[in-house]
Amino acid sequence: MDDKQRHRRLRLLIKKLNKDHKKQNQKIDILCNDLIAAQRNFIKRLGIISFVANFYESIIGMTDLNKLLYTAVEFIKAENADVNITFFLRQEENFELYMFESGRPIAIEKQYLEGCFTPELMDNISKSNKVCNLDDMFAMGLQGNLNELNKISAVTIPLGLLGSSLGFILVYHSLENKLTADEISRISAVISGLSRAITSCQTLSIAAD
């Protein structure tokens, strides 16, 4: 075998080694990215589990509905800066709204988003039994100043127990601080226990009357 053939075989061998090395590096990169993504998801799940556990601990044993809802609002606000929260709880023929400021319910005024909610809209959202964004709310009958509503990021999260709707939670703040999927997931994660606590408070209140 002459030098020319040796050099040619050597170049082919080096080319093959480089190609194999590149493939190996790609596989390592994919594996590392998968591990990083899995770790992030694990940390996210741990965060939700911790949030849920701390939330349930904060409301355990409560029998007063106002105190329960106020505690829930404060706990959620601690995790979601500048968020506004209103509870729409279904009654026999209508909905009762709960907003809180300084530990007490506050009156509803037209400048609040809540003032745009008609009985029909509240009923439609409650019956939908799903997380609704503003587009969903418009489709269900939300009316108001579009220029102002377009500055808001809002969702409704259903409250329910054993297939029965208790109402929903309205969560919103400015569009600059748009609600993230993680924020919505954290709130949604405590809905089951919160719904049970609301039902218990309502049952105790009726029994006391």
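Structure report, in brief. (Residues numbered from 1 in each chain as written. Predicted model: local features only at pLDDT ≥ 70, side-chain atom pairs only at ≥ 80, totals over all residues. Heavy atoms only, no water.)

1. Quick notes on the sheet that holds strand E6 (residues 152–161)
The condition that has to hold: Any two strands with at least two DSSP-identified bridges between them are counted as paired. Going along the chain from the N terminus, every DSSP run of H or I of four or more residues is numbered as a helix, and every run of E of two or more is numbered as a strand. Contacts are residue-level and defined by heavy atoms, with any inter-residue pair within 4.5 Å sufficient. Under this scheme, a helix contributes an axis fitted over its contacting stretch, all axes are lines through C-alpha atoms, and angles between N-to-C directions fall in the 0 to 180 degree range.
Reading across the sheet, the five strands line up as E2-E1-E7-E6-E5 and stay open at both edges, with antiparallel pairing between neighbours. Here the strands that pair on one side only, and so sit at the sheet edges, are strand E2 (95–98) and strand E5 (132–133). Across the sheet, helix H3 (residues 119–128) touches strand E1 (84–90), E2, E5, E6 and strand E7 (164–174), and the angle it forms with E7 is around 110°. Lying on the sheet, helix H6 (residues 181–189) is in contact with E6 and E7; it crosses E6 at an angle near 20°.

2. Description of the nonpolar core
For soluble globular proteins, the rule of thumb is that nonpolar side chains tend to be buried together. Quick reminder of the rule: Side-chain atoms within 4.5 Å link the members of a nonpolar core, which is a set of buried Ala, Val, Leu, Ile, Met, Phe, Trp, Tyr and Cys residues. The rule is simple: take the accessible area with a 1.4 Å probe, protein chains only, and divide by the maximum for that residue type; under 20% is buried, over 50% is exposed, in between is partly exposed.
Ranked by internal contacts, the top residues of the largest apolar core, which has 33 residues, are Leu68, Phe87, Leu159 and Leu194. Of all the secondary-structure elements, those providing two or more residues to this core are helix H1 (3–59), helix H2 (65–79), E1, E6, E7, H6 and helix H7 (191–208). The element contributing the most residues to this core is H2, with seven residues. Discounting chain neighbours no more than four positions away, the residues touching Phe87 are Leu69, Ala72, Val73, Glu96, Leu97, Tyr98, Leu159, Phe168, Ile169 and Leu194. Cys116, Cys132, Met140 and Tyr172 belong to the second largest nonpolar core, which has 19 residues in total.

3. Examining a positive patch on the surface
Put simply, the test is: For patch building, the residue pool is restricted to those with more than 30% relative accessible area and no salt bridge; the joining distance is 9 Å between like charges and 5 Å between nonpolar side chains (Val, Leu, Ile, Met, Phe, Trp, Tyr). Shrake-Rupley sampling with a 1.4 Å probe provides the accessible areas, and residues are treated as covered by the protein chains on show and by no other component. Every case where a carboxyl oxygen of Asp or Glu lies within 4 Å of a side-chain nitrogen of Lys or Arg is listed as a salt bridge. Here the positive residues are Lys and Arg and the negative ones are Asp and Glu; neither His nor the chain ends is included. To locate a charge, take NZ of a lysine, CZ of an arginine, CG of an aspartate or CD of a glutamate.
Residues Lys15, Lys19, Lys23 and Lys27 make up a contiguous surface patch of positive charge. Mapped onto the fold, Lys27 is located in helix H1.

4. Focus on the layout of surface pockets
Put simply, the test is: Think of a 1 Å grid over just the protein atoms. A cavity is a set of points where a 1.4 Å probe fits yet cannot get out, a pocket is an open set with protein on both sides within 12 Å along at least five of seven lines, and lining residues have an atom within 4 Å of a point. Grid points are joined across faces, edges and corners, and a volume is the space filled by probe spheres set on the points. Following the grouping adopted for this structure description, the nonpolar residues are Ala, Val, Leu, Ile, Met, Phe, Trp, Tyr, Cys and Pro, the charged ones are Asp, Glu, Lys and Arg, and the polar ones are all others, Gly among them.
Here the largest pocket is characterised by a volume of approximately 240 Å³. As for the largest pocket, its lining consists of 14 residues, and the residues nearest its centre are Asn133, Leu134, Ile152, Ala154 and Lys178. Contributing elements (two or more residues each) for the lining of the largest pocket: helix H4 (134–139) and E6. For the lining of the largest pocket, the leading source of residues is E6, giving four residues. Split by residue class, the lining of the largest pocket holds nine nonpolar, three polar and two charged.

5. Comments concerning the packing of aromatic side chains
The condition is simple: Each aromatic pair joins two rings of Phe, Tyr and Trp (for Trp, the six-membered one) with centres within 6.5 Å, and gets the label stacked for planes under 30 degrees apart, edge-to-face for over 60, and tilted for any other angle.
Applying the stated criterion across every chain, the model contains eight aromatic pairs. For the pair Phe55 and Phe75, a centre-to-centre distance of 5.5 Å together with 75° between the ring planes defines the contact as edge-to-face. Placement of Phe55 in helix H1 and of Phe75 in helix H2 is noted, with a sequence separation of 20 residues between them. Across the pair, Phe75 and Phe55 agree in class, each one buried. Taken together, the ring pairs in this structure connect Phe51, Phe55, Tyr56 and Phe75 into an aromatic cluster.

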